[in-house]
Amino acid sequence: MILRTDIVRPVRDDALEEVVAELVRLDPQGLRWSQVFRHTYDMVYNGQQTGRYRWDQLMKTEKTHFGTLFEINAQREFRFEDGEATDYRIAGHQVDAKWSQKLNGWMLPPEVFDEIALVATADDAQSVWSLGLVRVSEEVRRVKANRDQKTQLNGAGRASIRWLWEDAPLRPNVLLQIPRSDVDAMLNLSSGNRKVSQLFRLAEGRIVHRNAVATVAQQLDAQKRIRGNGGARDTLQPEGYLIMSGIYHQRVARQLGLPVPLKDEYISARVVPADKRHGVEIGGTHWRLARPGDEIATPAPTL
């Protein structure tokens, strides 16, 4: 992630700079903020109960509720103090959290006028998020307001946003990286085991978050559908697939040259036997990633 510290404001705002310094101290690489965005999307989708995984599947009220959940999840993650008229107090200053699915769509109520706004946006399909700060002075907000007296940033306001992270990587929603027709066909399969097995076929080489597994299985014991003893690992092993867990198999994923899953993630890959020089040792024998056209004649090793 690229931390944006190279933007110079025309007039220095010491309070805003103190908030910037505190946010950077709390999360130098933006990894915690990325998790806040991912968690909020997954909460709104509620995939285990609903099977939903896309923004366009949400009702209008749910989309509106995203901002409230984002505000709550950020406060839980960073333990910000409550503000007075605003959401938070950060580094001793009043800060109000503002979310918009659309860049520059933030609605600013009177209580944030002359205070600092933490403005955020994200795109789950593109796997990016952005977060910045702006002082909502009279000069940077539109004069015209709606019936709730809310207004938006004007051109000067948009230009004055102090972006801390802009288009930073969002932990991916693998169901948005697979063709929709394939996802729909998978969700129409007859059992949780079949659905989860198909997910790891379709998502080969991609990070799969545990929430994607829960969305596909739609069962309380969704993660059980991955394990051996009749789960996806057993189903896919004869086809040459390994399913690696971020808890137990990061080393194997790294040595195979795959993206390395975090503790709540998985990744699948087909492997074939290899010689010692060109393979990774798994279970006492050596393996490499299968290439297009490789025949899978040997079941994958047991992890």
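Quick summary incoming for the structure in this document.

Quick notes on the rules
- Residues numbered from 1 in each chain as written.
- Predicted model: local features only at pLDDT ≥ 70, side-chain atom pairs only at ≥ 80, totals over all residues.
- Heavy atoms only, no water.
- Helix = DSSP H or I, 4+ residues; strand = E, 2+ residues; numbered from the N terminus.
- Buried < 20%, exposed > 50% of the residue type's maximum accessible area, 1.4 Å probe, protein only.
- Contact = heavy atoms within 4.5 Å.
- Areas by Shrake-Rupley, 256 points an atom, 1.4 Å probe, with all protein chains shown as cover.
- Lys, Arg positive; Asp, Glu negative; His and termini not counted.
- Charge placed at Lys NZ, Arg CZ, Asp CG, Glu CD.
- Salt bridge = Lys/Arg side-chain N within 4 Å of Asp/Glu carboxyl O.
- Pairing = 2+ DSSP bridges.
- Core = buried A, V, L, I, M, F, W, Y, C linked by side-chain atoms within 4.5 Å.
- Axes fitted to C-alpha atoms, helices over the stretch in contact; angles between N-to-C directions.
- Parallel < 35°, antiparallel > 145°, perpendicular 65-115°, else oblique.
- Left-handed = near helix turned anticlockwise from the far one by under 90°.
- Nonpolar A, V, L, I, M, F, W, Y, C, P; charged D, E, K, R; others polar.

**Considering the overall build of the protein**
A count of helical and extended segments in the protein gives 10 helices and 11 strands. Overall, the C-alpha framework of the protein stretches about 70 × 40 × 30 Å when taken along its three principal axes. Among the 303 residues that make up the protein, the fraction classed as buried is 48%. Nonlocal contacts in the protein, meaning residues at least 24 apart in sequence, comprise 58% of its contacts between residues at least 6 apart. Taken as a whole, the protein presents about 15400 Å² of accessible surface, with 47% of it coming from carbon and sulfur. Looking at the protein, you have 42 positive and 39 negative side-chain charges, and the mean spots of the two groups are 6 Å apart.

**Some points on the pattern of salt bridges**
With the rule as written, the count across this model stands at 17 salt bridges. Across the salt bridge formed by Asp96 and Lys98, the nearest N and O atoms sit 3.1 Å from each other. Of the two residues examined, Asp96 and Lys98, each falls in the buried class. Residue Arg288 pairs with Asp294 through a salt bridge whose shortest N-O separation is 3.0 Å. In the salt-bridge network here, residues are joined through shared partners; they are Arg38, Asp42 and Asp124.

**Some words on the pairing of strand E9 (residues 265–273)**
Within E9, 7 of the 9 residues are buried, leaving the element largely enclosed by the surrounding structure. Looking at chain direction, strand E7 (residues 207–209) and E9 are connected through 3 bridges and run antiparallel. Looking at E9, one finds that Val208 is bridged to Tyr266. Pairing geometry for strand E8 (residues 241–245) and E9, over 5 bridges, is antiparallel. Counterpart to Met244 in the pairing with E9 is Ile267.

**Comments concerning helix H8 (residues 210–217)**
Most of H8 sits out of view: 6 of its 8 residues are buried. Regarding H8, the residues found buried are Ala212, Val213, Ala214, Thr215, Val216 and Ala217. Close packing links the buried residues of H8 with helix H3 (47–50), helix H6 (180–187), helix H7 (192–202), E7 and E9.

**With respect to the nonpolar core**
Core analysis: the largest hydrophobic core is formed by 36 residues, its most contacted members being Leu23, Trp33, Phe70, Trp99, Trp129, Leu131 and Leu133. For this core, the elements supplying multiple residues, two or more each, are helix H1 (14–26), helix H2 (31–45), helix H4 (60–78), strand E2 (88–90), strand E3 (93–99), strand E4 (116–123), strand E5 (128–135) and strand E6 (162–169). Every residue in contact with Trp33, bar those within four places of it in the chain, is listed here: Leu23, Asp27, Phe70, Ala74, Phe78, Phe80, Leu118, Trp129, Leu131 and Trp165. Of all hydrophobic cores here, the second largest spans 23 residues; its members include Leu175, Val208, Ile226 and Tyr266.

**Section: the environment of Asp167**
If you trace the backbone, Asp167 turns up in strand E6. When near neighbours in sequence (up to four residues on either side) are disregarded, Asp167 contacts Val128, Trp129 and Ser130.

**Some words on the side chain of His209**
Tracing the sequence through the fold places His209 in strand E7. Those residues in contact with His209 that sit more than four places away from it in its chain are Asp42, Arg171, Asp264 and Glu265.

**Focus on the packing of H2 against H4**
Between H2 and H4, whose axes approach to 9 Å, the crossing angle comes to 140 degrees. It follows from the interaxial angle that H2 and H4 lie oblique. The two elements H2 and H4 meet at a crossing, and its hand is right-handed. Here H2 contributes Arg32, Trp33, Val36, Phe37, His39, Thr40, Tyr41, Met43 and Val44 to the contact with H4, which in turn contributes Glu62, Phe66, Leu69, Phe70, Asn73, Ala74, Glu77 and Phe78. For the contact of H2 with H4, a count of residues per class yields 11 nonpolar, 3 polar and 3 charged.

**Looking at the environment of Leu103**
Note that Leu103 resides in the loop between E3 and E4. Once the C-alpha coordinates of Leu103 and Ala185 are considered, the two residues, 82 residues apart in sequence, prove to be 33 Å apart. Beyond its immediate stretch of four places on either side in the chain, Leu103 contacts Thr121 and Trp163.

**Focus on unusual backbone geometry**
Despite not being glycine, Arg79 has its phi angle at roughly 55 degrees, a positive value. Here Arg79 lies in the loop between H4 and strand E1 (81–82). Arg79 sits in the exposed class, given a relative accessible area of 73%.

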